[in-house]
Amino acid sequence: MVDKKTLDKRSLILESTLKLLTEHGFHGTPISMIAQQAGVGAGTIYRYFENKEQLINELFTAIKRRVIKAMLQDYREEGSFKERFKHLWRNLINYCIENPEEFHFVEQYRYAPFVSNVTREESFIILAPIMSFFVESKRAGAMKDLPLYTIVSLLYGPIVSLSKLHIDHNQSLTEERIDQAAEACWDAVRKFE
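What you are looking at is a predicted structure, and each value in this text was computed from that prediction instead of being measured. Position labels on residues start from 1 in each chain and follow its written sequence. In keeping with the model being predicted, local features are shown solely for residues with a pLDDT of at least 70 and side-chain atom pairs are shown and tallied solely at 80 or more, while totals for entire chains, interfaces and linings include all residues. Note: side-chain values were computed over all heavy atoms of the structure, leaving out hydrogens and water.

Engineer: Sorry, what's going on with the overall build of the protein chain here?
Structural biologist: Secondary structure elements are taken from DSSP: a helix is a run of H or I of four residues or more, a strand is a run of E of two residues or more, and numbering for both begins at the N terminus. A tally of regular secondary structure across the protein chain gives 10 helices and zero strands. Taken along its principal axes, the extent of the C-alpha atoms in the protein chain is 60 × 40 × 30 Å. Within the span of the protein chain, comprising 193 residues, buried residues form 41% of the whole. Within the protein chain, residue pairs in contact and separated by at least 24 positions form 69% of the contacts whose partners lie at least 6 positions apart. With a 1.4 Å probe rolled over the protein chains alone, any residue whose accessible area is under 20% of its type maximum counts as buried; one over 50% counts as exposed, and the rest are partly exposed. By definition, residues are in contact when any of their heavy atoms lie within 4.5 Å.

Engineer: Quick question: what am I supposed to make of the layout of surface pockets here?
Structural biologist: Left-over empty space is what a probe sized like a water molecule reveals as it rolls over the atoms. Quantified by volume, the largest pocket comes out at close to 860 Å³. If you list the elements that add at least two residues to the lining of the largest pocket, you get helix H4 (52-71), helix H5 (81-98), helix H6 (100-109), helix H7 (117-126), helix H8 (128-139) and helix H9 (148-167). It is H9 that contributes the most residues to the lining of the largest pocket, eight residues altogether. A per-class count over the lining of the largest pocket returns 26 nonpolar, three polar and four charged. A cavity here means a set of points on a 1 Å grid, drawn over the protein atoms and nothing else, where a 1.4 Å probe fits but cannot get out; a pocket is an open set with protein on both sides within 12 Å along at least five of seven lines, and a residue lines either one if it has an atom within 4 Å of a point. Grid points are joined across faces, edges and corners, and a volume is the space filled by probe spheres set on the points. When residues are sorted by character, Ala, Val, Leu, Ile, Met, Phe, Trp, Tyr, Cys and Pro go into the nonpolar class, Asp, Glu, Lys and Arg into the charged class, and all the rest, Gly among them, into the polar class.

Engineer: Sorry, what's going on with the pattern of salt bridges here?
Structural biologist: Opposite charge on two side chains permits them to pair, given that their charged atoms come into close proximity. Counted as salt bridges are all cases of a side-chain nitrogen of Lys or Arg within 4 Å of a carboxyl oxygen of Asp or Glu. Following the criterion strictly, the structure yields 14 salt bridges and no others. Note that Glu102 and Arg66 form a salt bridge whose closest N and O atoms lie 2.9 Å from each other. Of this pair, Glu102 sits in helix H6 while Arg66 sits in helix H4, and the two are 36 residues apart along the sequence. Judged by its relative accessible area of 29%, Arg66 is partly exposed. With its nearest N and O atoms 2.8 Å apart, the salt bridge here joins Glu183 to Lys86. Taken together, the positions of Glu183 in helix H10 (residues 175-189) and Lys86 in helix H5 put the pair 97 residues apart, joining distant regions of the chain.

Engineer: Sorry if this is basic, but what is going on with H7 here?
Structural biologist: A turn of α-helix holds 3.6 residues, and therefore any two residues three or four places apart point the same way. If you check which residues of H7 are buried, you get Thr119, Ser123 and Ile126. Burial along H7 is one-sided: seen end-on, the buried residues are contained in an arc of 60°. Pointing more than 90 degrees away from the buried face of H7 are the exposed residues Asn117, Val118, Glu121 and Ile125. If you follow the buried residues of H7, they end up packed against H4 and H8. The directions considered for the arc are those from the helix axis to the C-beta atoms.

The structure is reproduced here in structure tokens:
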């Protein structure tokens, strides 16, 4: 059983890593800097993580878990495909806006060579409920019969762009604008009768 003190140190190391990586990048963030930020010795970090790459992979996975939890908050399978889609889409963009460090981290490192195939596969498993929704929507004829990666690209790209505009203060995303964007994204993937 993991005690609370161990969990707190591990979480503190992960959060310190997130903060520093978004500020200084991978090469500008040595383990010694993470240790200093977390208020632990460098040796303590190596008790929890084999190396910086493993630390980043675990941070990536932890963030993906938080993202999926946020997307599924108050999600109900009883609604129409459009309602369910817009709920998931809105929850994701709101999460990105409310958690800019996590958003920037995922955007910066999701294609990095040190993010392992195991981490990528685990991320896909974590996102399984969302992928199931897309598969169900396609089978029911509510969404276009496109490959999943195409659907995800069509829907995630606008979230990235709009979140960046909002976070960088170039645009203010009101609930109305978010709803308009969600509607436009639904129109991009829905199957027209």
